[in-house]
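# Residue-level structural notes
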There are 2 protein chains.
Amino acid sequence: MLKEERLNYIVNEVKIRNRVQLLDIAQKLSVSEDTVRRDLNYLDEQGKVKKVHGGAISNSFHVYTYREDQIYAHEDKSVIAEKARQLLVDNMVVIMSGGTTNLEVARLLPDHLKLTIFTPSLPVAMQLLEHPSIETIFVGGKLSKDAQIAVGGDAIRTLSQVKADLCFMGMGNLNAETGLAEFDWDVVQLKKAMLESAKKIVVLTISEKINSSQRFNICPIESIHTLITELDPSHSKVLPFKAKGLEVL
Amino acid sequence: MLKEERLNYIVNEVKIRNRVQLLDIAQKLSVSEDTVRRDLNYLDEQGKVKKVHGGAISNSFHVYTYREDQIYAHEDKSVIAEKARQLLVDNMVVIMSGGTTNLEVARLLPDHLKLTIFTPSLPVAMQLLEHPSIETIFVGGKLSKDAQIAVGGDAIRTLSQVKADLCFMGMGNLNAETGLAEFDWDVVQLKKAMLESAKKIVVLTISEKINSSQRFNICPIESIHTLITELDPSHSKVLPFKAKGLEVL
DNA sequence: ATATTTTATGTAAAATCGTGCGATAAGCCT
DNA sequence: AGGCTTATCGCACGATTTTACATAAAATAT
């Protein structure tokens, strides 16, 4: 019995039964408990299963649940979400892109707010469904595994039929001189479509992502109207954007 | 019974019933009251439930509808998922509806399988994204809060452009005489569209949902080709469907 | 106020865990 | 082939976790 075989067996067993007990596996595979313990430790490190006292359980359900602690710079993003919230009034039509910042916005929307929100992001859509008075419309299409958003022709075509009041665009990357950029070509196309489908473009970003530079250009900085970061609007880091005529919150 | 399983069970029970009695859990799980008490204390500290005198109550509005009842009632669904898997070969185009059974199918798809899957279900889409070699296309549209799927004109229009080899339809309701039915009018329309977009319709259901009867009719039983339940194909409960010409797995 | 139920705390037994060690096997270089 | 390194595995032992039971305190009901 090779180690790889054992590992595969364990992962599979956990997948199917959702749980395994250490002793059962040890007997089933005719190895010592220690060995299984080591295997489980390894698989836990790899994120394949979740080790618990006495065995292991599946961890594949945790995907959708919201984990504040695993969101990078969560505090900052809460600040951003709070600022973003102030731009919203009842009955607006809003487009939201993906990203953890937008997820935080979605999470912190007050219950009484009535909105219609278009989004191509699975996590954002999931979060919005928990809101009592928001109508969510998912912009469908081919799903990008990395970004967990719909991209491609279908999504772009759908967006082209929308005319929204506001677009919250989470950005991994913006630069006062070169504008907005993205690493993924599909996402670039999608965000271009968003730009054209909303009257007002609001970019959300944590300050550390300002002035980095990435591969594909989306648009010049003048194409957006409002910039929201966790910083005070008077902070020097956002001055170049003010100089370009952007509203900074 | 692993400790972690107990905790999951308790959390689940609280979410579903909004309250649990300490003694009930102790009996149900065959452990001492002290143990349950400790569990409740722990879960309270973790913020998962709110402990009160004599038991615990829910402390949040978040409802993770799919995730829960699966972990414990999911044996049957694993069986169904395994049967469903056998119908799939590489390069198929598949439509999957929502529901926990389909979620289980999505979860248990073997890594090597290459498929293109259309789905209007957020949870199913989320799950499929974890698969290395499946291309997922989300059928977008207005999202139903209850069912967590896209419904309405957009979704139906998108489906009408698809021609799939197979459709896995999770059913809350089917009856050998009256056919398939649903409670929600929007979902009825959506499932009708699915029926027309796939060459072969496979209905997945746990046996307890057979022969219940619900509001709106989707189609007669003859419109579907294959029925998969957790039961043996020779079980008396599925005989009426065989008599109607269905393949039963 | 008294009786009953529920809780908190301490204790001990059992199960499980982590770790170091040595034996064996497998891979690798010369 | 021979010698060396590395990985794997089982065993032993002390540490930790988990659990049931007992008892007294607290909360609730009558």
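The text that follows walks through the structure, step by step, so that each part is easy to find. Remember, predicted model here, so these are calculated numbers, not experimental data.

## With respect to the overall build of chain A
Check the secondary structure of chain A and you find 9 helices and 15 strands. Expressed as lengths along the three principal axes of its C-alpha atoms, the size of chain A is roughly 70 × 35 × 35 Å. Counting the 249 residues in chain A, one finds 51% classified as buried. Of the charged side chains in chain A, 30 are positive and 32 negative, and the gap between their average positions amounts to 3 Å.

## Examining the sheet that holds strand S2 (residues 50–52) of chain B
Backbone hydrogen bonds are what pair the strands of a sheet, in a parallel or an antiparallel way. Residues and elements named next belong to chain B. One open sheet holds the 3 strands; their spatial order is S1-S3-S2, and the pairing between them is antiparallel. Among the strands making up the open sheet, the edge pair consists of strand S1 (19–21) and S2. On average, each strand axis in the sheet is tilted by 20 degrees relative to the strand beside it, whichever way the strands run. Bridge count for S1 against strand S3 (residues 55–57) is 3 bridges, and the pairing is antiparallel.

## Describing the protein's contact with DNA strand D
Close to DNA strand D lie 16 residues, the nearest being Arg6 and Thr35 of chain A together with Arg6, Ser32 and Thr35 of chain B. Among all atoms of DNA strand D positioned within 4 Å of the protein, those belonging to sugar or phosphate total 65%. Taking arginine 38 of chain A, its side chain carries an N or O atom lying 2.9 Å from a base nitrogen of DNA strand D. One of the side-chain nitrogen or oxygen atoms of arginine 6 of chain B is found 2.6 Å away from a phosphate oxygen of DNA strand D. For the surface near DNA strand D, the elements supplying multiple residues, two or more each, are helix H1 (3–17) and helix H3 (33–45) of chain A together with helix H1 (3–17) and helix H3 (33–45) of chain B. Residue classes in the surface near DNA strand D are distributed as 2 nonpolar, 6 polar and 8 charged.

## Considerations on the interface of chain B and chain A
Across the contact, 41 residues belong to chain B and 43 residues belong to chain A. Summed over both partners, the interface of chain B with chain A buries about 3,700 Å², with 60% contributed by carbon and sulfur atoms. Inspection of the chain B/chain A interface yields 2 salt bridges. Measuring nitrogen to oxygen at the nearest pair gives 2.6 Å for the salt bridge that ties arginine 19 of chain A to glutamate 5 of chain B. Counting across the chain B and chain A interface gives 10 residue pairs in polar contact (both at pLDDT 80 or more). Of all the elements in the fold, those that place two or more residues in the side of chain B that touches chain A are H1, helix H4 (65–85), helix H5 (100–107), helix H6 (122–129), strand S6 (134–138) and strand S7 (141–144) of chain B. For the side of chain B that touches chain A, the element with the most residues is H6 of chain B, which contributes 7 residues.

## Focus on the sheet that holds strand S10 (residues 174–175) of chain B
Residue and element names in this part refer to chain B. The strand order across the open sheet built from 3 strands is S10-S11-S13, with neighbouring strands paired in antiparallel fashion. This sheet does not close on itself; its edge strands, each paired only once, are S10 and strand S13 (216–219). Bridging between strand S11 (residues 179–182) and S13 involves 3 bridges; their strand directions are antiparallel. Bridge pairing links alanine 181 to asparagine 217 in S13. Against the sheet, helix H8 (residues 185–196) engages S11 and S13, with an angle of about 5 degrees to S13.

## Focus: the protein's contact with DNA strand C
Within the structure, DNA strand C sits among 17 residues, and Arg37 and Gly54 of chain A together with Arg37, His53 and Gly54 of chain B are positioned closest to it. Of all DNA strand C atoms lying within 4 Å of any protein atom, the proportion belonging to sugar or phosphate reaches 78%. In the environment of DNA strand C, a phosphate oxygen lies 2.6 Å from a nitrogen or oxygen atom belonging to the backbone of glycine 54 of chain B. Partitioning the surface near DNA strand C into residue classes produces 4 nonpolar, 7 polar and 6 charged.

Thresholds applied
- Residues numbered from 1 in each chain as written.
- Chains lettered and ligands numbered in written order.
- Predicted model: local features only at pLDDT ≥ 70, side-chain atom pairs only at ≥ 80, totals over all residues.
- Heavy atoms only, no water.
- Helix = DSSP H or I, 4+ residues; strand = E, 2+ residues; numbered from the N terminus.
- Buried < 20%, exposed > 50% of the residue type's maximum accessible area, 1.4 Å probe, protein only.
- Lys, Arg positive; Asp, Glu negative; His and termini not counted.
- Charge placed at Lys NZ, Arg CZ, Asp CG, Glu CD.
- Pairing = 2+ DSSP bridges.
- Axes fitted to C-alpha atoms, helices over the stretch in contact; angles between N-to-C directions.
- Near = heavy atom within 4 Å.
- Polar contact = N/O pair within 3.5 Å; in protein donor to acceptor, adjacent residues only side chain to side chain.
- Nonpolar A, V, L, I, M, F, W, Y, C, P; charged D, E, K, R; others polar.
- Contact = heavy atoms within 4.5 Å.
- Buried area = accessible area lost by both parts, 1.4 Å probe.
- Salt bridge = Lys/Arg side-chain N within 4 Å of Asp/Glu carboxyl O.

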